[in-house]
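Next come the chains, spelled out residue by residue.
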Amino acid sequence: MDLVAKYQGVVGRVFGNENSGSSEDSYVERLLDRISNGVLAEDRRAAMLELQSIVSESRAGQMAFGAMGFPVILSVLKEERDDVEMVRGALETLVSALTPIDHAKGPANEVQPTLMNSDLLSREVDNISLLLSLLSEEDFYVRYYTLQLLTALLTNSPQRLQEAILSIPRGITRLMDMLMDREVIRNEALLLLTYLTREAEEIQKIVVFEGAFEKIFSIIKEEGGSEGGVVVQDCLELLNNLLRNSASNQVLLRETMGFDQLLSILKLRGTTYRFTQQKTINLLSVLETINLLIMGGPETDPGRDSNKLTNKTVLVQKRVLDHLFMVGVESQWAPVPVRCTALHCIGDLIVNHPKNLEELASKRLGEEPDLEPALNSVLRILLRTTSKQEFMAADYLFKNFCQQNPDGQTILASTIILQPQSMIHAPVEEDINMSFGSMLLHGLTTGENEGDLETCSRAASVLSHVIKGNNQCKEKVLKIELEAPTPTLGGPEPLLHRMVKYLALASSMKSKDGKSSTSENVFVQPIILKLLIIWLSDCPNAVQCFLDSRPHLMYLLELVSNPTTTVSVRGLAAVLLGECVIYNKSNASGRDAFSIVDAISQKVGLTSYFLKFDEMQKSSLFTSAKPFLPRKPLTRSTAASMAEIEDGGNESSDQKNEHPMLTSVFDSPFVYFLKRLEADIREKIVEAYSSPKSQVAVVPAELEQRSGENDVDYIKRLKTFVDKQCHEIQDLLSRNATLAEDLAKTGENNSSPLERKVSGGSDRVQLETMRRDLQEASQRIEMLKAEKTKAELEASMYKSLAGKTESDLKSLSDAYNSLEQANFRLEKEVKALKSGDIEALKEEAREEALKESEAELNDLLVCLGQEQSKVDKLSNRLRELGEDVDKLLEDIGDDVGADDADEEDEED
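Not measured: the values here are computed from a predicted model.

A tally of regular secondary structure across the protein chain gives 46 helices and four strands. Per-residue burial for the protein chain yields a buried fraction of 45% across its 908 residues. For the protein chain, the computed accessible surface area is about 48,800 Å², with 53% contributed by carbon and sulfur atoms.

As structure tokens, then:
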């Protein structure tokens, strides 16, 4: 009751003070008195109804009820089970006390009566046990209100209620039994179980043990599968709660019931073009279930990997791909979220699973005789869709198909062949008869004609997956030449050159209304740059092809230094430039690695160039890239918002911020690849810049006069050799001076005008020498200052040490004197003790012994007096009874004497 007393104090502060006579407080108190002490049953029921009414309508009433009402209402529930109307009213009153009143919202820091009431009711485990026992009552409304009350308690005090239910024998079992009750009660119990199982692992295990899987699928089938209402959604949410963090529950589902009943929910029944909001939510929920099975359990579970592999294998064996392709590809009326989630599931099913990859590669969609490969259908969606979410989902599928699948990449790359001129400019609708590669090439080349590079960028993203990490595919695609001639090459235009052309066009493209299409450029240029970076990586032939056109290098240098472009575009362009250095095997003048480094130094500056890497790595795209982002669980609150996303509903957010599109470009593997590549680029560029272009091999024989060579020719040859060496040394010094100047510009904003005017190589060398001498002098001065400071510190330390030693000696001397005085005092006391009167001590001990003996004797006399008093009383009583007391005493004496004689005989 201490908690109730504290609660009354809270109520008193709300109403003014503890003795405040507020109307609600007094009214609730009178009603509780009528319920508790009333004589007439009808009057008590009427009071209960009035109490329920005021608690449901007034926050003050809820506060007053919490302060004094719980003991009365709980007493009704315990002792008056036979009065059904009273029990109903009591339960309904408790539900009202725990339900927030929306129209009476107050300040954020105001005391919430519903939370306080929930805390009071759930604090005692006996209260929860009492409520669970009411679930066995026959009355429908008693069970219904009890479930509502438990749900309200779980909403306000989840942790405490979970612990209480776990501590009560058969607590979960009683709730599970409610799933087989009437429909309304079943639905309430189902909702309560979904809340209970969201995070409580122990409750999840008990619920599964009580046969939750069978009951869930039975209810789903009874409600009509995906065509059902919100009950199907609640069942799937409960199922997902049981599977999300438990690999063992997934194994139990797979080994006992299998996945057939789960996959049957994906079947589109009735009219396939009719998708209500609830049907969309149900399909999203079952797709989430499939995704949880594909994940295999939490990352911390040791059996996660094997369980994931088994789940993927069994799902594909059960023809899950048929259902997913029907929902995500073939059903054009399916909502965008459903199609996107289905494509994501397909991508997760096949990644790093050879058998599933083969199954997808051989998968064909449609009807005879118009069957086509499933990958072609997905590519068509990727190129045509107006939803950027759907493009990213389809792109995710291709990325997972090509990941660690060189055979699949080779098959796709082998289909990329140039189509006849008539097919190149054919409408997109006529791509039904094209191969995968031809359709991809068609998407790469049609964007320019239509004035829209988005289709080209989407196709470029797919091509980057096809050639990633596969030099054979890179070489194959490198040989593709388009028919548009390029005068500088004097022949057909390679596909690589066409992609660079589109990269340049993307910055100047205009939208249909004549304005700059900035929202498109945000992701078009990064996607094309990503393709070029992957293409040139570890492929010298691709680097050579890129540098065959001199304008490519010039444009790339301008793109790196262009302040109007985004940080990501400048950074990616810098990486592409770096690849032209580290993967450059050419020795041709103007195209070799040294020439590229010189161009970077002259046009951009090495410091500014390296700064592009730092800016890109500090951008949100780099810092937010994570290996795995788990999807948020689909609940009642989040499902509706997801289901409302339509094709155009996402356009406004894309117009404002293309961050989701850029996130698909800067995924975690690509970000890691760029970081690793950046380190190699820095090292290679510094090495190339700090060494001469050609190494001079000094052979001793060259310094000797050759046979038949006269002195004049010999001197001329030596002079030429020395001049060449001097030029190489001068060039190297000039490079080092330029590097130092760049670093100085970065680190020192207040450089002198003289330094800014220095331009010649020799002047920079002199300036560098002067700077080096000044730096050495500054270092010597700093060294002397440090030595002086060190000496002063040592002197101060020795001085303080001497003072401390002197203080210690003084303390020791004082302590020695104190010890001497104590020793003298103790010796004096010992002598006094030895010369004392020993007889006085003995007399004192004798007196104390006599006192103790007298005390013991007095105690014995008191005891004898008490015994004698008892004997006198007994004698008087015996005389009253007519007995001869003297004779009895003589007999007792004789008996005692006889006993003593017997004992003596026995001893003898």
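There's plenty left to go through after this.
This part covers unusual backbone geometry. One non-glycine residue, Asn352, lies in positive phi territory at about 55°. With respect to the helices and strands, the residue Asn352 is situated in the loop between α21 (336–350) and α22 (354–361). A positive phi angle, close to 55°, is found at Asp538, a residue other than glycine. With respect to the helices and strands, the residue Asp538 is situated in the loop between α31 (518–536) and α32 (540–547).

For the rest of this paragraph, the subject is the confidence of the model for the protein chain. Here the protein chain averages 79 in pLDDT, while 76% of its residues score no lower than 70. Scored below 50 in pLDDT, residues 1–21 makes 31 contacts in the model with residues more than four places away or belonging to other chains. In this model residues 747–765 is a low-confidence stretch, pLDDT under 50, and it forms 20 contacts with partners more than four residues away in sequence or in other chains.

Under the definition given, this model contains 30 salt bridges. Here Arg682 makes a salt bridge to Glu678, at a shortest N to O gap of 2.8 Å. Here the residue Arg682 and the residue Glu678 both occupy positions in helix α41 (residues 668–689), the gap between them amounting to four residues, near one helical turn. Salt bridges linked by common partners bring Arg319, Asp322, Glu359 and Lys363 together as one network.

Here we take up the packing of aromatic side chains. Geometry of an aromatic ring pair is reported as the spacing of the ring centres plus the angle between the planes. The full count for this structure, using the stated rule, is 11 aromatic pairs. When the centroid spacing of 5.2 Å and the interplanar angle of 80° are considered together, the rings of Phe140 and Tyr141 count as edge-to-face. Three or more aromatic residues joined by ring pairs make a cluster, and in this case those are Phe140, Tyr141, Tyr144 and Tyr145. Taking NZ or CZ as reference, Lys279 lies 4.5 Å from the ring centre of Phe275, over its face. Lys530 extends its terminal NZ or CZ atom over the ring of Phe670, reaching a point 5.0 Å from the ring centre.

Grouped together as the largest cluster of nonpolar side chains are 218 residues, with contacts concentrated most on Met499, Trp535 and Tyr609. Among the elements that line this core, the one with the most residues is α31, at 11 residues.

Right, let's get into helix α18 (residues 277–295). Here α18 is 19 residues long and its end C-alpha atoms lie 27 Å apart, about the 27 Å a rise of 1.5 Å per residue gives. Summarising burial for α18: 16 of the 19 residues are buried, a large majority. Where α18 terminates, the next one or two residues include Gly296, which has phi positive at roughly 85°.

Relative to the helices and strands, Thr280 resides in helix α18. In the structure, Thr280 is positioned 58 residues away from Val338 in sequence and 6.9 Å away in space, judged by C-alpha atoms.

A word on the environment of Asn584. Residue position: Asn584 is located in the loop between α34 (567–582) and α35 (593–603). Note on Asn584: relative accessible area 11%, which makes it buried. Sequence separation between Asn584 and Ala542 is 42 residues; the distance between their C-alpha atoms is 9.4 Å. Sequence-distant contacts of Asn584, defined by excluding residues within four places in its chain, comprise Val543, Leu547, Glu579, Arg591, Asp592, Ala593 and Ile596. A polar contact is formed between the side chain of Asn584 and the backbone oxygen of Cys580, at a distance of 3.0 Å. Of note is the side chain of Asn584, whose polar atom sits 2.9 Å from the backbone nitrogen of Ser586.

Next up on the list: a negative patch on the surface. On the surface, a cluster of negative charge is contributed by Glu844, Glu847, Glu848, Glu852, Glu856 and Asp859. Summarising the element assignment, Glu856 is placed in helix α45 (residues 838–880).

This paragraph deals with helix α30 (residues 495–506). Here α30 spans 17 Å end to end across 12 residues, near enough to the 16 Å set by a 1.5 Å rise per residue. Of all 12 residues in α30, nine are buried; the element is thus mostly enclosed. Taken residue by residue, α30 has Leu495, Leu496, His497, Arg498, Met499, Val500, Tyr502, Leu503 and Ala506 as its buried positions.

Once that is clear, we can look at the side chain of Lys215. Position of Lys215 relative to the elements: it lies in helix α14 (residues 212–223). In this structure Lys215 is buried but unpaired, with Asp177 as the nearest side chain of opposite charge at 4.7 Å. Beyond its immediate chain neighbours, meaning those up to four positions away, Lys215 contacts Met176, Leu179, Met180 and Glu210.

Quick look at the environment of Glu188 now. Within the fold, Glu188 resides in helix α12 (residues 183–196). Judged by relative accessible area, which is 17%, Glu188 ranks as buried. With 37 residues separating them in the primary sequence, Glu188 and Thr151 have C-alpha atoms 8.3 Å apart. If near-sequence neighbours (up to four positions away) are discounted, Glu188 is found in contact with Tyr144, Leu147, Gln148 and Thr151.

Where helix α25 (residues 406–414) meets helix α28 (residues 454–467), the closest approach of the two axes is 8 Å, and the angle between their N-to-C directions is 130°. Between α25 and α28, the angle is such that the two are oblique. Across the interface between the two elements, Gln409, Leu412 and Ala413 from α25 touch His465, Val466 and Ile467 from α28. Among the residues making up the contact of α25 with α28, the classes are represented as four nonpolar, two polar and no charged.

Relative orientation and spacing of two packed helices are given, respectively, by the angle between their axes and the distance between those axes. Contact geometry of α14 with helix α15 (residues 230–244) gives a least axis separation of 9 Å together with a crossing angle of 155°. If you check the angle between α14 and α15, you find them roughly antiparallel. Considering how the two elements wind past one another, α14 and α15 form a crossing that is left-handed. In this structure, α14 contributes Ala212, Phe213, Ile216, Phe217, Ile219, Ile220 and Glu223 to the contact, and α15 contributes Val231, Val232, Cys235, Leu236, Leu238, Leu239, Leu242 and Leu243. Looking at side-chain class alone, the contact of α14 with α15 contains 14 nonpolar, no polar and one charged residues.

Analysis parameters
Residues numbered from 1 in each chain as written. Predicted model: local features only at pLDDT ≥ 70, side-chain atom pairs only at ≥ 80, totals over all residues. Heavy atoms only, no water. Helix = DSSP H or I, 4+ residues; strand = E, 2+ residues; numbered from the N terminus. Buried < 20%, exposed > 50% of the residue type's maximum accessible area, 1.4 Å probe, protein only. Areas by Shrake-Rupley, 256 points an atom, 1.4 Å probe, with all protein chains shown as cover. pLDDT = per-residue confidence, 0-100. Contact = heavy atoms within 4.5 Å. Salt bridge = Lys/Arg side-chain N within 4 Å of Asp/Glu carboxyl O. Phe/Tyr/Trp six-rings, centres within 6.5 Å; stacked < 30°, edge-to-face > 60°. Lys NZ or Arg CZ within 6 Å of the ring centre and 35° of its normal. Core = buried A, V, L, I, M, F, W, Y, C linked by side-chain atoms within 4.5 Å. Expected span 1.5 Å × (residues − 1). Polar contact = N/O pair within 3.5 Å; in protein donor to acceptor, adjacent residues only side chain to side chain. Patch = residues over 30% accessible without salt bridge, like charges linked within 9 Å, V, L, I, M, F, W, Y side chains within 5 Å. Lys, Arg positive; Asp, Glu negative; His and termini not counted. Charge placed at Lys NZ, Arg CZ, Asp CG, Glu CD. Axes fitted to C-alpha atoms, helices over the stretch in contact; angles between N-to-C directions. Parallel < 35°, antiparallel > 145°, perpendicular 65-115°, else oblique. Nonpolar A, V, L, I, M, F, W, Y, C, P; charged D, E, K, R; others polar. Left-handed = near helix turned anticlockwise from the far one by under 90°.

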